[in-house]
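So you can see what is in the structure, the chains are spelled out below.
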Amino acid sequence: TEDEAKAYFAEMEDFELDGDKLKDVA
Amino acid sequence: MRLSNYEMILPLIGADEKEIDDRALLVNGLYGAFDIVPKRCADFLIKGKFSQVDSSLWEQLARRGHITTKSLEEEIADLELLAHIDRRIIQKSRIDLIIMPTYDCNFRCPYCFERKRLARGETWLAKVMSHEMIQAIFAALDDYRSRGYGLGNCTLYGGEPLMKENLATVREIAENCAQREMKIEVLTNGYDLASFIPIIKEFPFVFVQVPLDGVGKTNDRLRRHKEGKDTYERILNNVDMALEHGIGVNMRINISKENLSSIDELTDDLKRRGFLAKENERRMGQNQRGEFVHYFKATVTPDRNSFLGEGGVARELLESGRSAEYVMEHSCLYGIVARYIRKLFQKDTYVDFSTAICNAERGALLVDPYGLLFPCWESVGDDDMAVGRVDETQGRVLWNFAKAKWRLRTSDRIPACRICPYNFFCKGGCAARAKDVYGDYFREYCGDHKQAFAFAASHIAGKMWQERGEAELSLSLAEPLAHLTRKERYMIMNSKSIPDVFAIVKKAGLLPQI
């Protein structure tokens, strides 16, 4: 689907926040 | 005004195991709102007689999302908004790693879900992850970190990750984790655990998980060494040695209809060997042993006649005279649900609104010794199921088409889950079990989640009511969501800027723990 194709490209995106500060929430 | 589509009305069970006659528990699964109300109020709600609900209670129930003027479509829009926030910000913030140093194993358990890998031959099975592949995996993680991602934990998995001939490989992986401040967990059969104690003490291992299937010969028959050697005594001696060295051990006891007697026999043997008494002493600060946790889990066996299910395990524990509290501590699924409900009742966080049940959907890197990437622990060894690979020459991750499918196997998209009140508590359930039941990884798997949730919520809320008389037990997402403007909702769903979305979410107070 279009959403699935978008999700594929999202795998390659940079994360524009500080993941180290957020990772404990995840 | 109507009852929310995500509403559950449950009985309250007191400490004496009897239903509390004059109260009921309302749970809104979409907003994570738990509220105790007079029983007659619950009856009015069930019958749709909203005008007969007391005015102040009406306001409370509306504010917290139990009763609503929203249409079903508007409630689903809230679900999609929350799932989108999780997918764009929370899930994206972290990369976890699961490494299989080898497919090989010194056991040949009859119910092993990886048995199919044995058909690929000894040479394929015996491959141990190379130095070059380990370097490439951690180079790929460094690339993720350089692009803003946080690094989560590393789990060692197999095959059997702790075979003594693989000491150097495990050490190299542990060194790389330590350099990046990644904590390590390991799932092992425990047979060679003693050889690894120095490495486990040296590096940031948080726990070791060791399964058992019974006492003595029962265990030796089900957790079968490939050369026919006995396993039980050696595993328990290794676990005791690890605990003495301050290493935490989770002992999982697999239960099916085939080994029901193991519940009592193993508990008795753990007592006889002093495991339980020493754990009590540790909790009181009287020794320096590692934490010892033991729990019972339904064996995932291909023999459907033998499969008990998590509800079956809980029922067996209760019928053997154990208390509800014991079940909520020592049954695998019931324990997970109970601990989570207790956390929500501390009122310092909203319900976890991720719609992804596990690492398969959340994007962890599960790497086999050949560098292939798999979505699910149970799909390893089947190359058709690979979602990509680690490029050994470039030190980066390459994905194929299947990756996109797995990322969206989430409970905001599975049709049966979208309107289910248990959405945020079961999150679509285990994909591998859905494959067992429906032949399709991308269906829902409810399992015994509903029973576990009802049991734990009724007991924990009932006890709290008796002890504190408190009616509003948790935070509700309905409140911060109500403050979002239409423009903010639009921006969350459509903005390409993660910082912009994060700013809106933070201002709305949806992530109080940050």
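Residues numbered from 1 in each chain as written. Chains lettered and ligands numbered in written order. Predicted model: local features only at pLDDT ≥ 70, side-chain atom pairs only at ≥ 80, totals over all residues.

**Here we look at the overall build of chain B**
For the record, the criterion: Helical segments are the DSSP runs of H or I of at least four residues, strand segments are the runs of E of at least two, and each set is numbered from the N terminus. Computation of the radius of gyration draws on C-alpha atoms alone. For the globule rule, the value is 2.2 Å times the number of residues to the power 0.38. Three exposure classes are used, all based on how many other C-beta atoms lie within 10 Å of a residue's own C-beta (placed from the backbone): buried at 20 or more, exposed at 12 or fewer, and partly exposed between those limits. Note on contacts: each residue gets a C-beta atom placed from the backbone, and two residues are in contact if those atoms are within 7 Å.
Helix and strand counts for chain B stand at 23 helices and 15 strands. Computed over its C-alpha atoms, the radius of gyration of chain B comes to 24 Å, within 12% of the 24 Å expected for a compact globule of 514 residues. By principal-axis analysis of the C-alpha atoms, chain B measures approximately 70 × 55 × 45 Å. Looking at the 514 residues of chain B, the share that counts as buried comes to 46%. Taking the intrachain contacts of chain B between residues at least 6 apart in sequence as the baseline, contacts between residues at least 24 apart amount to 69%.

**Some words on the interface of chain B and chain A**
Heads up, the condition is: Polarity classes work like this: nonpolar for Ala, Val, Leu, Ile, Met, Phe, Trp, Tyr, Cys and Pro, charged for Asp, Glu, Lys and Arg, and polar for all others, with Gly in that last group.
On the chain A side, the residues contacting the 22 residues of chain B number 17 residues. At the level of elements, strand S7 (150–156), helix H16 (402–407) and helix H23 (498–508) of chain B are the ones that each hand at least two residues to the side of chain B that touches chain A. If one sorts the elements of the side of chain B that touches chain A by residue count, H16 of chain B sits on top with four residues. Broken down by class, the residue content of the side of chain B that touches chain A amounts to ten nonpolar, six polar and six charged.

**Considerations on the confidence of the model for chain B**
Rules: One confidence number per residue, pLDDT, is output by the predictor and ranges from 0 to 100.
The pLDDT averaged across chain B works out to 92; a share of 99% of its residues lies at or above 70. At the low end of the mean pLDDT range in chain B sits helix H15 (residues 359–362) of chain B, at 82; at the high end sits strand S4 (residues 33–38) of chain B, at 97.

**A word on the packing of helix H5 (residues 131–146) of chain B against helix H6 (residues 167–179) of chain B**
Residues and elements named next belong to chain B. The cut-off we apply is this: A fitted line through C-alpha atoms represents every axis, and for helices the fit uses only the stretch in contact; the resulting angles, taken between N-to-C directions, go from 0 to 180 degrees. Oblique is the label for every angle not falling under 35 degrees (roughly parallel), over 145 degrees (roughly antiparallel), or within 65 to 115 degrees (roughly perpendicular). Each crossing gets its handedness from the near helix: less than a right angle anticlockwise from the far helix is left-handed, clockwise is right-handed.
Their axes nearest at 11 Å, the elements H5 and H6 cross at an angle of 20°. Here H6 runs roughly parallel to H5, going by the angle between their axes. In the crossing of H5 with H6, the sense of the turn from one axis to the other is right-handed. Taken together, the residues of H6 that come into contact with H5 (itself represented by His131, Ile134 and Phe138) are Glu172, Ile173 and Asn176.

**Focus: unusual backbone geometry**
All names here are of chain B. The omega angle of the peptide bond from glycine 158 to glycine 159 is 15°, so this bond is cis rather than trans. By the element assignment, glycine 159 lies in the loop between S7 and H6. In this structure, lysine 347 takes a positive phi of about 60° despite not being glycine. Checked against the element boundaries, lysine 347 lands in the loop between helix H14 (332–344) and H15. Exposure remark for lysine 347: the 12 C-beta atoms within 10 Å place this residue in the exposed category. The residue lysine 427 is not glycine, and still its phi comes out positive at about 55°. Assignment of secondary structure puts lysine 427 in the loop between helix H18 (423–426) and helix H19 (431–438).

**Digging into the packing of helix H3 (residues 72–90) of chain B against H23 of chain B**
How two helices pack is summed up by the angle between their axes together with the distance between the axes. Residue and element names in this part refer to chain B. Two numbers describe how H3 lies on H23: the axes approach to 10 Å, and their chain directions differ by 125°. Classified by the interaxial angle, the pair formed by H3 and H23 is oblique. Regarding H3 and H23, the two cross each other, and that crossing is left-handed. Contact with H3, carried on its side by Ile85, Arg88 and Ile89, involves Ile498, Val501, Phe502 and Val505 of H23 and no other residues of that element. Considering only residue class, the contact of H3 with H23 consists of six nonpolar, no polar and one charged.

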